[in-house]
2 protein chains.
Amino acid sequence: MGIFQRFARLPLKPLCIWSLCPQYSTAFTVGRGLIVRSSQLIQHRYVHSRGLGASPGNLGAAPPRLPFSRVTQEDLAFFKTLLPERTITDPDLLKSCNVDWLKTVEGNSEVLLRPKTTEEVSQILRYCNERNLAVCPQGGNTGLVGGSVPVFDEIILSTSLMNQVITFDNISGILTCQAGCVLENLSNYLEERDFIMPLDLGAKGSCHIGGNVSTNAGGLRLLRYGSLRGTVLGLEVVLADGRVLNCLATLRKDNTGYDLKQLFIGSEGTLGVITAVSILCPRKPRAVNVAFLGCSSFQQLLETFQCCRGMLGEILSAFEFLDASCMSLLKKHLKLTNPITELKILFHTQALWSLRERITEALTHEGYTYKYDISLPVEKIYDLVQDMRGHLGGMAKNVVGYGHVGDGNLHLNITSPSKDPVLLAAIEPYVYEWTSEWKGSISAEHGLGLKKRNYIYYSKPSEAVALMGSIKAMLDPKGILNPYKTLPDHIH
Amino acid sequence: MGIFQRFARLPLKPLCIWSLCPQYSTAFTVGRGLIVRSSQLIQHRYVHSRGLGASPGNLGAAPPRLPFSRVTQEDLAFFKTLLPERTITDPDLLKSCNVDWLKTVEGNSEVLLRPKTTEEVSQILRYCNERNLAVCPQGGNTGLVGGSVPVFDEIILSTSLMNQVITFDNISGILTCQAGCVLENLSNYLEERDFIMPLDLGAKGSCHIGGNVSTNAGGLRLLRYGSLRGTVLGLEVVLADGRVLNCLATLRKDNTGYDLKQLFIGSEGTLGVITAVSILCPRKPRAVNVAFLGCSSFQQLLETFQCCRGMLGEILSAFEFLDASCMSLLKKHLKLTNPITELKILFHTQALWSLRERITEALTHEGYTYKYDISLPVEKIYDLVQDMRGHLGGMAKNVVGYGHVGDGNLHLNITSPSKDPVLLAAIEPYVYEWTSEWKGSISAEHGLGLKKRNYIYYSKPSEAVALMGSIKAMLDPKGILNPYKTLPDHIH
């Protein structure tokens with residue numbers, strides 16, 4: 001097929017990759033020569049038929065503040081008695097918790113609470129619910145949709161001090177830990193014991209496992225180990241009124257009643273605060289094989305994927321891609337080298353992965369980035385990038401595509417020197433309509449958070465959204481948990 | 001380790017099994033010499049601490065009929081207009097739908113409805129909800145906990161004529177079909193297209209995919225392909241009031257709002273009637289390898305499991321076991337031969353699997369069987385069988401154990417010449433208390449249905465059961481859907 005390829009030097013096995021190794025293989029493919037052609041402007045032909053009333057350009061903006069109570073001196077006194085030294089009101093310390101990692105959304109909370117135990121979380125929520133005080137649960141604050149920072153003055157409830165491993169069973173591979181454990185710390189803990197986490201993502205150095213579960217994070221190993229809906233075996237959750245729901249089972253199978261933990265996976269802290277997680281961890285692979293291939297078209301990349309999938313079956317851990325525009329940005333901003341063109345340079349496994357993992361970072365140097373996280377039938381994912389280039393013409397600085405081919409998940413990123421309402425109006429709702437037309441998801445793995453809440457109808461029918469509203473009302477009748485997030489404004 | 005072994009003759013590859021074949025291996029282990037010793041009687045030391053009030057022996061029996069309406073001539077006229085020829089009132093035809101496969105539970109419904117479309121299901125439920133008529137959804141009626149037959153005069157809503165494949169995408173492997181498709185028919189349909197279903201179970205010739213999803217069936221491939229919570233990508237469900245909830249997505253990743261389909265997976269038809277399913281199907285393995293091993297103790301069996309798991313990783317599809325007592329019953333009632341002792345006989349792959357799959361059938365010839373489906377930490381599963389033998393002494397005809405070692409899932413079966421209340425009182429709540437003591441599940445994969453509904457507190461805390469009750473009340477306020485099932489009596 002004329003594919004250019006580079007293999008990482010392998011610590012355990014030499015170049016026997018793509019073969020019958022039963023433990024781990026990672027395919028990692030770079031599009032090359034996907035030149036932007038001046039493809040014809042695609043007409044704005046999609047009809048937005050799902051009943052959104054507001055003007056499309058403003059749907060991601062903050063709604064008016066809801067009538068929650070404001071934090072009083074009496075409230076602060078209560079929190080300081082409950083959490084001495086861990087009730088933070090210093091504006092300098094609060095600053096980084098009020099703004100998201102992308103610096104695109106900023107709240108003005110005046111209180112940060114740092115509980116260490118489930119009982120403390122329970123007491124905080126019971127109090128806030130009685131007082132009608134809104135709460136924004138926060139893990140590592142690495143989300144991309146404005147879901148983990150306050151919109152107004154919500155109290156920030158951080159899991160950063162809930163960072164203890166509770167148990168690990170090295171026969172079953174079941175880990176039980178507090179929600180604030182950093183993903184990379186858990187990975188290191190497990191690797192020492194010959195296991196790995198079933199998920200991995202670029203933000204691993206900061207993100208918390210509780211946040212991963214709350215957002216149903218996908219990431220780089222989903223292809224092999226499946227979604228958190230299968231690997232999370234149990235959760236402990238504190239409900240809005242402070243009740244503790246202990247579903248911290250450590251069993252692979254349990255059909256006794258409704259599987260309540262599923263309600264809290266992916267609901268972005270709007271239904272309860274996850275305080276502990278049980279998760280099934282696979283054995284550490286005995287060998288890791290990484291190949292970096294250069295394809296001359298996306299069609300060739302798809303053929304390569306089909307071929308690898310056929311040969312490797314379930315042991316294929318990841319099949320990622322980035323396009324030539326991503327590679328240019330990695331070179332320009334981070335001085336990273338293209339392994340396909342620079343054949344004389346030796347690349348280690350981690351260096352190859354860095355190319356994929358640091359794209360988000362490279363994009364932050366471009367100015368402002370409009371980020372989209374789209375699921376589509378896999379054969380369609382790159383059409384969206386190319387259509388968008390044609391549609392935007394010279395309006396955008398860059399239109400780049402990368403993501404998880406194996407999951408049909410495209411990360412479409414559009415950059416601009418600064419925030420640009422005209423550009424935004426050209427992107428949205430075009431991108432959502434395009435996705436809806438192909439029955440895709442407008443948020444494959446990032447969630448809806450603040451930014452995408454009002455776009456939910458592009459991927460879910462109105463009956464489903466109404467039922468989500470009923471579930472929210474049942475579990476959090478005062479709506480204090482992460483308000484303005486996930487559900488569209490008319491539900492709140 | 002001194003393990004006796006037999007390999008099936010392999011159609012595609014000769015005896016290279018347990019090795020680096022990347023596609024499929026099935027380990028299948030038979031306990032041998034697990035002789036029943038007169039182990040000391042274990043004291044009834046478990047305290048039933050979760051607040052069940054009623055006398056333990058009666059908790060599986062039918063509760064009083066709830067005040068639903070009774071079917072009138074006007075109701076029949078409505079159904080006959082909606083479903084001419086498919087509204088069944090002939091008592092002979094109704095007989096087999098009123099009784100479960102095990103013939104342990106029998107209702108007396110006078111109406112069987114056989115819709116072909118989602119719209120018909122919607123009209124039926126809208127009518128029944130308005131009229132306050134109770135409905136028992138029924139698939140292949142192969143359940144083991146009395147969940148799929150009426151308790152009193154509930155209308156039986158059968159999916160047997162909803163048996164059409166809607167779409168199959170042979171790139172992604174995503175199948176979308178009506179709920180009444182028989183699992184084996186779907187398997188055959190897929191095999192012709194070089195794919196397989198991600199689940200397989202002994203009842204495959206009769207069970208419906210809708211019933212599989214409604215009961216979150218586990219079965220023989222869970223170890224490799226994961227649970228239905230990961231492989232089911234979308235559902236269409238008719239709610240109690242007739243509203244159709246179309247969540248029939250065909251995407252591997254979709255984080256747009258709460259994952260509503262999870263509510264209907266495993267809720268045994270008590271929250272809605274599943275009418276269509278989208279499911280992710282793996283490629284057909286290029287080789288199937290089956291080994292049948294004889295171990296001299298359960299400890300040796302566990303060591304074998306650990307060893308296979310380490311060598312084979314995720315390509316191990318199943319690791320099943322049966323004990324020597326099961327093998328005796330297979331020989332006695334079905335004339336099946338032990339492959340470990342009869343070394344001169346050639347066994348084909350399917351013959352080896354039949355031994356495992358026909359245990360349930362062999363047990364039916366024993367008289368009456370008390371069946372338990374328990375999840376425990378894997379190293380504990382056979383202790384329960386041995387403890388139970390000691391506990392029951394000569395009261396039971398047979399105490400046998402088999403199941404899914406890889407999932408920590410034991411099928412404990414206790415036989416008796418006929419129904420025996422004294423024996424039952426010796427088994428329950430002992431078996432549930434034993435399980436609860438080890439934080440196991442009292443129903444790993446069979447569900448709770450009618451028989452186990454009141455035992456839910458052994459595996460779920462009261463806050464969780466209360467929340468399940470709230471969900472039921474939200475989705476089915478009149479309680480017409482599969483009443484008397486899944487949730488304990490005080491919730492209904």
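Reading the values: the criteria
- Residues numbered from 1 in each chain as written.
- Chains lettered and ligands numbered in written order.
- Predicted model: local features only at pLDDT ≥ 70, side-chain atom pairs only at ≥ 80, totals over all residues.
- Heavy atoms only, no water.
- UniProt positions renumbered as here; feature names shortened; annotations may be inferred.
- Disulfide = S-S within 2.5 Å.
- Helix = DSSP H or I, 4+ residues; strand = E, 2+ residues; numbered from the N terminus.
- Expected span 1.5 Å × (residues − 1).
- Buried < 20%, exposed > 50% of the residue type's maximum accessible area, 1.4 Å probe, protein only.
- Pairing = 2+ DSSP bridges.
- Axes fitted to C-alpha atoms, helices over the stretch in contact; angles between N-to-C directions.
- Contact = heavy atoms within 4.5 Å.
- Least-squares fit on C-alpha atoms with pLDDT ≥ 70 in both.
- Polar contact = N/O pair within 3.5 Å; in protein donor to acceptor, adjacent residues only side chain to side chain.
- Domains from an automatic or database assignment.
- Buried area = accessible area lost by both parts, 1.4 Å probe.
- Salt bridge = Lys/Arg side-chain N within 4 Å of Asp/Glu carboxyl O.
- Nonpolar A, V, L, I, M, F, W, Y, C, P; charged D, E, K, R; others polar.

Going by what an unreviewed UniProt entry lists, chain A is known as D-2-hydroxyglutarate dehydrogenase, mitochondrial and is assigned to Labeo rohita. Quoted verbatim from the Cofactor (unreviewed entry) field of UniProt, the annotation for chain A is "FAD".

Draft legend 1. Spatial organisation of the state of the cysteines. Using the criterion set out here, one finds 0 disulfides over all chains in the structure. No disulfide involves cysteine 177 of chain A; its sulfur sits 4.1 Å from that of cysteine 181 of chain A, the nearest cysteine.

Draft legend 2. The arrangement of helix 13 (residues 381-392) of chain A in detail. Residue and element names in this part refer to chain A. Compared with the 16 Å implied by 1.5 Å per residue over 12 residues, the 17 Å span of helix 13 between its first and last C-alpha is a close match. Taken across its 12 residues, helix 13 has 10 buried, putting it largely inside the fold. Buried residues of helix 13: Ile381, Tyr382, Leu384, Val385, Asp387, Met388, Arg389, Gly390, His391 and Leu392, and no others. Two residues or fewer after helix 13 comes glycine 393, characterised by a positive phi angle close to 55 degrees.

Draft legend 3. Quick peek at the sheet that holds strand 8 (residues 174-178) of chain B. Residue and element names in this part refer to chain B. Within the open sheet, the 5 strands sit side by side as 7-8-11-9-10. Their pairing is antiparallel. Strand pairing shows two members of the sheet lacking a second neighbour, strand 7 (165-169) and strand 10 (244-247), which therefore form its edges. Shown here is a sheet whose adjacent strand axes are inclined to one another by a mean of 10 degrees, direction ignored. Pairing between strand 9 (residues 232-238) and strand 11 (residues 273-280): 6 bridges, direction antiparallel. Note that in strand 11 the partner of leucine 235 across the bridge is valine 277.

Draft legend 4. A look at the sheet that holds strand 4 (residues 112-113) of chain B. Residues and elements named next belong to chain B. Strand order in the open sheet formed by 4 strands is 3-4-6-5, with mixed pairing between adjacent strands. A strand with exactly one partner marks an edge of an open sheet, and here the two such strands are strand 3 (87-88) and strand 5 (135-138). Pairing analysis gives 2 bridges linking strand 4 to strand 6 (residues 155-158), with the strands arranged parallel. Following the sheet pairing, leucine 112 is matched in strand 6 by isoleucine 156. Against the sheet, helix 3 (residues 118-131) engages strand 4, strand 5 and strand 6, with an angle of about 165 degrees to strand 6.

Draft legend 5. Highlighting the relation of the copies chain A and chain B. The two copies are related by a screw operation: chain A maps onto chain B through 180 degrees of rotation and 0.0 Å of translation along the axis, at an RMSD of 0.0 Å. Here the copies are linked by what is in effect a two-fold axis. Residue by residue, 100% of the interface of chain A is reproduced at the interface of chain B, so both copies engage with the same surface.

Draft legend 6. Spotlight on the environment of glutamine 300 of chain B. With respect to the helices, strands and loops of the structure, glutamine 300 of chain B is situated in helix 9 (residues 298-312). A polar contact is formed between the side chain of glutamine 300 of chain B and the backbone nitrogen of serine 296 of chain B, at a distance of 2.7 Å.

Draft legend 7. The arrangement of the domain arrangement of chain A in detail. Residue and element names in this part refer to chain A. Each domain of chain A was delimited in the assignment, giving domain 1 (24-41 + 289-452) and domain 2 (165-280). On a C-alpha basis, the centres of domain 1 and domain 2 stand 28 Å from each other. Contacts between domain 1 and domain 2 engage 21 residues on the former and 15 residues on the latter. Roughly 1,300 Å² of surface becomes buried between domain 1 and domain 2 when both sides are summed, with 48% attributable to carbon and sulfur atoms. Taken as a group, Ser317, Glu357 and Glu445 account for 36% of the area that domain 1 buries against domain 2, more than any other trio of residues on that side. Between the two partners, domain 1 and domain 2, sit 1 salt bridge. A salt bridge links lysine 204 to glutamate 357; the shortest N-O distance between them is 3.1 Å. At the boundary of domain 1 with domain 2, the tally comes to 6 residue pairs in polar contact (both at pLDDT 80 or more). Put simply, the parts of the chain that give the side of domain 1 that touches domain 2 at least two residues each are strand 13 (316-322) and helix 11 (349-357). When residues in the side of domain 1 that touches domain 2 are grouped by element, the largest group, 5 residues, is from strand 13. The residue inventory of the side of domain 1 that touches domain 2, partitioned by class, reads 7 nonpolar, 7 polar and 7 charged.

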